Each structure stands twice: as structure tokens, then as C-alpha cells.
Amino acid sequence: MSQEQWSEVDDYLTSLLHDPDASLDRANEAALAARLPPIQVSAPLGKLLHLMAKMIGARRILEVGTLGGYSATWLGRALPPEGKLLTLEIDPTHAEVARKNIDAAGVGNSVEVRLGRAIDTLAALATEGVEPFDFVFIDADKPSNADYFAWALDHTHAGSVIVVDNTVQAGTVADPSATDDQTLGVRRLFDLIRDEPRVTATTIQTVGTKGYDGFTVALVL
Ligand code: SAH
Ligand code: DHB
Ligand code: MG
């Protein structure tokens, strides 16, 4: 199996199972034109996030790591009319591209992009007494995954879903000799989940347009 084949199958599945969506394609084109790194979720994972949010009837969604607003558009599309998505981004250029893409996709009224270091924004939200979220998607700086996850546990409710992207990456997590920051970050997240009675989770390995990786899905108990 090769990267070429994984991409071909992703494209085939997307063309068969997804409705054509020009604004999602345009969002990726605008992000590329603005020289954002092409690290948004794949189309199938974007749709899975959308489906999971719909399955639980999510009305309040938090995203950590906006980039150009691709996954935010998928999640924004899952919301009922009165629903809200708050998405956090550290890079002003990314936030600006995202704002435009999200507005152009027609979900602008439901989505707030908040600029800043996510850990600071989350601390401010806690101080403001933010209402709990139904669905959280964590997809920013990987070494902070456990910190974002711990925050999410304190600001969700029984039945909320927390998804963390890129929790397999190069597959080094099970190799004790791998001690790079990314791997340590993933292990810290898994240790937290293991020791945390408020949550139950699994991790799925994936291949596709973005190569070999995986994501974690957690249910708040
Ligand atoms: N969820 C997006 C992809 C996010 S890529 C999608 O699938 O469409 C990761 C993003 O996290 C980048 O835009 C990066 O600038 C942002 N990021 C990195 N560190 C961050 C931090 N400390 N706080 C907030 N955002 C951060
Ligand atoms: C990469 C992929 C991601 O999904 C992400 O959120 C950050 C980085 C990458 O391939 O480098
Ligand atoms: Mg990611």
C-alpha cells in the first residue's frame, strides 16, 4: 500500500459519499493561496466530525486549532440554527483566512474565531464561566493535548464527546525508545485518559490523504 493509493481511495470515497461542496473546496484553495500549511483534516475525517456532532445533537462546540476554518466549516454545518461553535487560533493570518472562509461558507453567524494562545483563551473562558460544551475537537499544538483535554473535561457534561486529532502520527507512541515532544505529548494524553474516571475513549489508526495517523474519540461519563 502506498500514499498514492490511500489518497486515491480517499478521493474516490469522498466523490461517492459526500455531496459536492464548493465552499469546502474553496476554503482549502484560499488557505493554500494564503500559504497556510495544508494540514487540515481529510475530507472523510471532516465529515466524520460533522456526523459525530450531529449524532449527539451538539449545540455548543469548541475547537482548538482553527487553521483556515476547514474543520470549523464541517462542524459549523452540523449545528442547529441557534447552535454555536467557538474555535481558537494563535496565528492572526490563519484566523483571518478562517474568518473569511467560514463567512463564505454561510456559517459565519454560528462561528466565533478567537485569537490567542489556546491555553490563555481557555483560562479566560473558565474565568468568564463559559457554558459547557457538547462536542470538543482538539487539533492544535500536540504537546498541549493533555492540557486541552483536561480543560475540556471540566467544561463538558455527561454525553459530551471529545475528539483529539493526530494521536498516532508516525506510530511511535508504543515504542519506548521514542521520546520526542510529540510522542511524549500523546503518551501524556493517554495516561490522563487511563487515570481519569470521568471519561472512556478509544483511538483509531488511519491512512488516507494525510498518510498514516489516527485520532482519539472520548465519551464523557
Ligand atoms: N483544525 C484545522 C487544522 C488545525 S492545524 C482543520 O482541520 O481545518 C493546527 C492549528 O493550530 C494551526 O492553525 C496553528 O496555528 C494552531 N495552533 C498551534 N498552536 C496553538 C496554540 N497554542 N493556541 C492556539 N492555536 C494554536
Ligand atoms: C500535521 C497534521 C495535522 O493534522 C495537524 O493538526 C498538525 C500537523 C502534520 O502533518 O504536520
Ligand atoms: Mg490535525
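Scroll up a little and you will see the structure.
(A) Region of the structure containing the site of ligand 2. In the vicinity of ligand 2, the contacting residues are Ile39, Asp139, Lys142, Asp165, Asn166 and Lys210. Between ligand 2 and the protein, one listed contact pairs an oxygen atom with a side-chain N or O atom of Lys142 at 2.9 Å. At 2.7 Å from an oxygen atom of ligand 2 is found a side-chain nitrogen or oxygen belonging to Asn166. For ligand 2, whose unbound accessible area comes to 290 Å², protein coverage reaches 62%. Across the shell around ligand 2, the residue classes tally to one nonpolar, one polar and four charged.

(B) The arrangement of the site of ligand 1 in detail. Around ligand 1 sit 21 residues in total, of which Gly65, Ser71, Glu89, His94 and Asp139 are the nearest. In this structure, a nitrogen atom belonging to ligand 1 sits 2.9 Å away from a main-chain N or O atom of Ala118. At a separation of 3.5 Å, a nitrogen atom of ligand 1 approaches a polar side-chain atom of Tyr148. Expressed as a share of its isolated accessible area of 590 Å², the protein-covered part of ligand 1 is 89%.

(C) Representation of the coordination of the magnesium ion (ligand 3). At the metal site, the magnesium ion (ligand 3) is ligated by Asp139 (OD), Asp165 (OD) and Asn166 (OD1), and these contacts range over 2.1 to 2.2 Å. For the magnesium ion (ligand 3), the single-chain donor residues occur in sequence as D-x25-D-N. With Asp139 in the loop between strand S4 (133-138) and helix H7 (145-154) and Asp165 in strand S5 (residues 156-165), the pair connects residues that are 26 residues apart, well separated along the chain. The exposure class of Asp139 is buried, given its relative accessible area of 14%. Note on Asp165: relative accessible area 3%, which makes it buried.

(D) Focus on the nonpolar core. Leu49, Ile61, Leu75, Phe135 and Val163 are the most contacted members of the largest nonpolar core, which totals 28 residues. Mapped by element, the contributors of at least two residues to this core are helix H3 (43-55), helix H4 (70-76), helix H5 (92-104), strand S3 (111-115), S4 and S5. Tallying contributions element by element places H3 first for this core, with five residues. Counting 22 residues, the second-largest nonpolar core is a separate cluster that includes Phe133, Ile138, Ala152 and Leu189.

(E) Here's a closer look at the packing of helix H6 (residues 118-128) against H7. Relative orientation of the contacting elements H6 and H7 amounts to 15°, with a least axis distance of 11 Å. Of the possible angle classes, the one that applies to H6 and H7 is roughly parallel. Once H6 is placed against H7, the crossing between them reads as left-handed. Two secondary-structure elements touch here, H6 through Ala118, Ile119, Leu122, Ala123, Leu125 and Ala126 and H7 through Asp147, Tyr148 and Trp151. Across the contact of H6 with H7, the residue classes tally to eight nonpolar, no polar and one charged.

(F) Up close: the pattern of salt bridges. Scanning the entire structure with this criterion turns up 13 salt bridges. Across the pair Asp21 and Arg77 runs a salt bridge, and its minimum N-O distance is 2.3 Å. Residue Asp21 is found in the loop between helix H1 (3-17) and helix H2 (22-33), and its partner Arg77 is found in the loop between H4 and strand S2 (84-89); the two are separated by 56 residues along the sequence. Salt-bridge contacts for Glu82 lead to Arg59; the nearest nitrogen and oxygen are separated by 2.4 Å. Of this pair, Glu82 sits in the loop between H4 and S2 while Arg59 sits in the loop between H3 and strand S1 (60-64), and the two are 23 residues apart along the sequence. Under the relative-accessibility criterion, Glu82 is labelled partly exposed at 49%. Classification of Arg59 by relative accessible area gives partly exposed; the value is 45%. Salt bridges linked by common partners bring Glu112, Arg114 and Glu128 together as one network.

The rules behind these values
Residues numbered from 1 in each chain as written. Chains lettered and ligands numbered in written order. Predicted model: local features only at pLDDT ≥ 70, side-chain atom pairs only at ≥ 80, totals over all residues. Heavy atoms only, no water. Near = heavy atom within 4 Å. Polar contact = N/O pair within 3.5 Å; in protein donor to acceptor, adjacent residues only side chain to side chain. Areas by Shrake-Rupley, 256 points an atom, 1.4 Å probe, with all protein chains shown as cover. Nonpolar A, V, L, I, M, F, W, Y, C, P; charged D, E, K, R; others polar. Donors = N, O, S within 2.8 Å, 3.2 Å for Na, K, Ca; no water. Helix = DSSP H or I, 4+ residues; strand = E, 2+ residues; numbered from the N terminus. Buried < 20%, exposed > 50% of the residue type's maximum accessible area, 1.4 Å probe, protein only. Core = buried A, V, L, I, M, F, W, Y, C linked by side-chain atoms within 4.5 Å. Axes fitted to C-alpha atoms, helices over the stretch in contact; angles between N-to-C directions. Parallel < 35°, antiparallel > 145°, perpendicular 65-115°, else oblique. Left-handed = near helix turned anticlockwise from the far one by under 90°. Contact = heavy atoms within 4.5 Å. Salt bridge = Lys/Arg side-chain N within 4 Å of Asp/Glu carboxyl O.

No statement about biological role is implied by the geometric values presented.
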